[in-house]
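Working through the structure, step by step
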Amino acid sequence: MAWVAAIVLLVEAVGIVFLNWFLGLVVDRQDMSLAGLDPRAMSVGAWVAGGVFGIYLLLCAFFLARAASTDRAPGGFGRILLISAAVVHGLLGAFSIGLVGWLAFVAMMVVLALIVLTLVAYDRRENGAQDADRQDNGGAAVPPSAPEPTTP
């Protein structure tokens, strides 16, 4: 599931970068302005926003691919990044209903479901392995593998 989510986020990153590049070109060539803003500033802003969001999605795809290849849950920063991506996709899905339509909403919800499913699946697997270790020890908690502290 993590591989599928990584591939989908990779495709989405390329699509977002291309879309913002295209919108920046349209604004630049049409010499459009919004509330007196410089058209060149608006087009550069679209290009920068597309690049930043594309890098963000590529970083999320990297953490998903790493989780899939190592078969372990993402660490602290990766987990936070993926949770934020899930929240962003939820908000984009909610906004896309009125602006783009139901097809865009369904696409955002599919990506949201893939991210959340990946996070939950790896979390359950790791918790299940810890529960199995506890059952092997007769229900006692598994001691940490850190060395014992020494007292002077």
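Now for a look at the structure at hand. Per chain, residues are indexed from 1 in the order of the written sequence. In keeping with the model being predicted, local features are shown solely for residues with a pLDDT of at least 70 and side-chain atom pairs are shown and tallied solely at 80 or more, while totals for entire chains, interfaces and linings include all residues. Calculation of side-chain values draws on the structure's entire complement of heavy atoms; hydrogens and water are dropped beforehand.

A look at the side chain of Asn20
Counted only if it meets this: Secondary structure elements are taken from DSSP: a helix is a run of H or I of four residues or more, a strand is a run of E of two residues or more, and numbering for both begins at the N terminus. Contacts between residues were defined by any pair of non-hydrogen atoms, one from each residue, lying within 4.5 Å.
As for its position among the elements, Asn20 is in helix α1 (residues 2-30). Aside from chain neighbours lying at most four places away, what touches Asn20 is Ala46, Trp47, Ala49 and Gly50.

Considering the packing of aromatic side chains
Within a pair of aromatic rings, the relevant descriptors are the distance that separates the centres and the angle that separates the planes. Short version of the rule: Pairing of aromatic side chains requires ring centres within 6.5 Å, counting the rings of Phe and Tyr and the six-membered ring of Trp. Pairs whose planes differ by under 30 degrees are stacked, by over 60 edge-to-face, and all others tilted. The buried label applies to any residue whose accessible area, calculated with a 1.4 Å probe on protein chains only, is under 20% of its type's maximum; exposed applies above 50%, and partly exposed to all values in between.
The full count for this structure, using the stated rule, is 5 aromatic pairs. Taking 5.8 Å as the distance between ring centres and 25° as the angle between the ring planes, the aromatic pair formed by Phe53 and Tyr56 counts as stacked. A residue pair is termed a helical-turn pair when its members lie 3 or 4 positions apart in one helix, as Phe53 and Tyr56 do in helix α2 (residues 39-70) at 3 residues. Here Tyr56 falls in the buried class, since its relative accessible area comes to 18%. For the ring pair Phe62 and Phe63, a centre distance of 5.4 Å and an interplane angle of 70° mean the geometry is edge-to-face. Overall, the relative accessible area of 10% leaves Phe63 in the buried class. Three or more aromatic residues joined by ring pairs make a cluster, and in this case those are Phe62, Phe63 and Phe77.

Description of the nonpolar core
Filter applied, for reference: What we call a nonpolar core is a set of buried Ala, Val, Leu, Ile, Met, Phe, Trp, Tyr and Cys residues that are connected through their side-chain atoms within 4.5 Å.
By size, the foremost hydrophobic cluster in this structure holds 20 residues, and its most contacted members are Leu9, Tyr56, Cys60, Leu64, Leu82 and Ile115. Counting residues per element, this core draws most heavily on α2, which supplies 7 residues. Among residues more than four places away in sequence, those in contact with Cys60 are Leu9, Leu81, Leu82 and Ala85. Residues Ala2, Ala68, Ala73 and Tyr122 belong to the second largest nonpolar core, which totals 5 residues.

A look at the pattern of salt bridges
For the record, the criterion: Salt bridges, as used here, are contacts in which a Lys or Arg side-chain nitrogen is within 4 Å of a carboxyl oxygen on Asp or Glu.
Counted by the stated rule, this structure contains 1 salt bridge. Linking Arg40 and Asp28 is a salt bridge whose minimum nitrogen-to-oxygen distance equals 3.4 Å. Here Asp28 lies in helix α1 and Arg40 lies in helix α2, a separation of 12 residues in the sequence. Take Asp28: its relative accessible area is 29%, and that puts it in the partly exposed class.

Quick notes on a nonpolar patch on the surface
Condition: The patches reported here contain residues having more than 30% relative accessible area and no salt bridge. Joining distances are 9 Å for like charges and 5 Å for nonpolar side chains (Val, Leu, Ile, Met, Phe, Trp, Tyr). Only the protein chains shown count as cover for residues, with accessible areas throughout obtained via the Shrake-Rupley method and a probe of 1.4 Å.
Residues Ile83, Val87, Leu91, Phe95, Leu99 and Val100 make up a contiguous nonpolar surface patch of about 650 Å² in total accessible area. Its place among the elements puts Phe95 in helix α3 (residues 76-99).

A short note on unusual backbone geometry
Positive phi is not limited to glycine here, since Asp71 has a value of about 60°. Take Asp71: it is sitting in the loop between α2 and α3. The exposure class of Asp71 is partly exposed, given its relative accessible area of 44%.

Focus: the environment of Ala46
If you trace the backbone, Ala46 turns up in helix α2. Along the sequence, Ala46 and Phe22 sit 24 residues apart, while their C-alpha atoms lie 9.0 Å from each other. Ala46 has contacts with Asn20 and Gly24, leaving out every residue within four places of it along the chain.

The analysis is restricted to geometry; functional conclusions fall outside its scope.
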